[in-house]
Amino acid sequence: MSRSSESILESLLQSSGLAWLVDLYEPREQALPAYLDLLDRIDSEYQARFGESVSFSPQALEAAAQSNRHRTLAFLQLLRPDRTPAMLVMVWRVLQGARIREAQMEYRELNAFRLRFTLADGERTDVYESHNISDAVLLRHLGIAKVQGQPLFDGFYALRLAD
Amino acid sequence: MIGGKDIVIPAAATPASLDACVRIVQRQWPNARFEDAETGEKYSTYQELPVGRIRELLVYNSAEAESAWDDDRDDAPLNSMLYFILGEQSVTVVVDDPDSGDMPLILEGIRSLMGMDILHIPVTRGAA
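Basis of the calculations
- Residues numbered from 1 in each chain as written.
- Chains lettered and ligands numbered in written order.
- Predicted model: local features only at pLDDT ≥ 70, side-chain atom pairs only at ≥ 80, totals over all residues.
- Heavy atoms only, no water.
- Pairing = 2+ DSSP bridges.
- Helix = DSSP H or I, 4+ residues; strand = E, 2+ residues; numbered from the N terminus.
- Contact = heavy atoms within 4.5 Å.
- Axes fitted to C-alpha atoms, helices over the stretch in contact; angles between N-to-C directions.
- Buried area = accessible area lost by both parts, 1.4 Å probe.
- Salt bridge = Lys/Arg side-chain N within 4 Å of Asp/Glu carboxyl O.
- Polar contact = N/O pair within 3.5 Å; in protein donor to acceptor, adjacent residues only side chain to side chain.
- 1 Å grid on protein atoms, 1.4 Å probe; cavity = no way out; pocket = protein on both sides within 12 Å on 5 of 7 lines; lining within 4 Å.
- Points joined across faces, edges and corners; volume = space filled by probe spheres on them.

Let us look at the sheet that holds strand β5 (residues 81-86) of chain B. Hydrogen bonds between backbone atoms are what pair the strands of a sheet, whose relative direction is either parallel or antiparallel. Residues and elements named next belong to chain B. Spatially, the six strands line up as an open sheet ordered β1-β6-β5-β4-β2-β3, and their pairing is antiparallel. In this open sheet, the two edge strands, each paired with only one partner strand, are β1 (5-10) and β3 (42-43). As paired strands, strand β4 (residues 56-60) and β5 are joined by five bridges and run antiparallel to one another. Among the inter-strand pairings, Leu 57 is bridged to a residue of β5, identified as Phe 84. Against the sheet, helix α1 (residues 15-28) contacts β2 (33-36), β4, β5 and β6 (90-95), and its axis sits at roughly 165° relative to β5. Contacting β1, β5 and β6, helix α3 (residues 103-114) crosses the sheet at an angle of about 25° to β1.

Pasting the structure below:
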């Protein structure tokens with residue numbers, strides 16, 4: 001990735017109230033390369049699953065934020081170098097309109113963790129699975145509702161940052 | 001515009017709230033079409049809809065309904081279009097008849113999502 005990508009990403013994080021992601025990273029000078037590497041891995045995961053490339057470059061995210069800053073912010077808030085790229089692809093797909101058909105979580109203290117989402121987009125169904133407990137944090141961004149008394153997960157949302 | 005009923009739903013009234021409304025509608029109307037009510041700009045899919053720049057949104061349940069409303073034809077089916085207005089602390093939904101067809105389901109879903117914690121409760125920056 002070029003230096004300009006680092007600059008754009010840093011600017012994007014700052015304007016999203018996420019500058020601390022860089023400040024708290026150890027060592028700090030490796031923060032932006034680590035986040036750019038994560039974006040590359042998300043891109044590769046998307047390409048592997050769908051056979052087409054959707055750019056997750058800072059430039060593309062910056063452009064997406066022009067139209068739908070709230071969606072881009074939800075995605076940016078979930079970025080951490082230790083997250084599973086497949087789960088971030090899943091979040092992106094939901095932000096683009098895919099529906100959450102099924103979600104499963106298993107946890108055994110100091111033993112095992114599994115998070116599994118099944119998405120539907122038109123006729124297509126995709127399964128995303130993680131054994132990395134760091135990915136559990138995405139659950140707090142879920143849209144949660146009841147319709148006719150039945151459970152509904154719909155969308156991912158950015159946390160509202162206090163002033 | 002449409003001679004319908006205004007349903008005012010208390011909400012955080014942010015782009016995320018309008019986005020949640022659209023998602024709920026699209027569950028019932030998978031072929032929905034969209035129009036920025038202020039600019040007249042049209043969008044055929046959710047993906048291309050710049051929700052973050054829209055304050056008033058028309059949602060048609062199909063291309064046929066959109067065409068009928070555009071032509072101001074009398075055969076536009078009942079409840080085939082919704083008009084969303086993002087206010088300061090509410091979302092107003094203008095609908096022909098809130099009690100018929102799939103409208104009760106849509107309105108219930110919107111009310112439920114508008115009450116989501118994540119749209120209302122601020123967190124400190126370190127928690128994001």
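Here we take up the interface of chain B and chain A. With 31 residues of chain B at the contact, the number on the chain A side is 34 residues. Of the roughly 2,900 Å² buried between chain B and chain A, counting both surfaces, carbon and sulfur atoms make up 51%. The interface formed by chain B and chain A includes three salt bridges. Put simply, chain B and chain A have 16 residue pairs in polar contact (both at pLDDT 80 or more) between them. It is α1 of chain B that provides the largest number of residues to the side of chain B that touches chain A, a total of seven residues. By the bridge criterion, two bridges tie strand β6 (residues 160-161) of chain A to strand β7 (residues 122-123) of chain B in an arrangement that is parallel. Note that in β7 of chain B the partner of Arg 160 of chain A across the bridge is Pro 122 of chain B.

Next up on the list: empty space enclosed by the protein. Going through the model one piece at a time under the given rule, you end up with two cavities of 30 Å³ or more. Here the largest cavity defines a volume of roughly 60 Å³. At the level of secondary structure, the elements contributing two or more residues to the lining of the largest cavity comprise α5 (69-78) and β5 (150-156) of chain A together with α1 of chain B. At three residues, α5 of chain A tops the list of elements feeding residues into the lining of the largest cavity. The volume enclosed by the second largest cavity comes to roughly 40 Å³. Contributing to the lining of the second largest cavity are Leu 78, Arg 83, Met 87, Leu 88, Val 91, Asp 135, Val 137 and Leu 138 of chain A.

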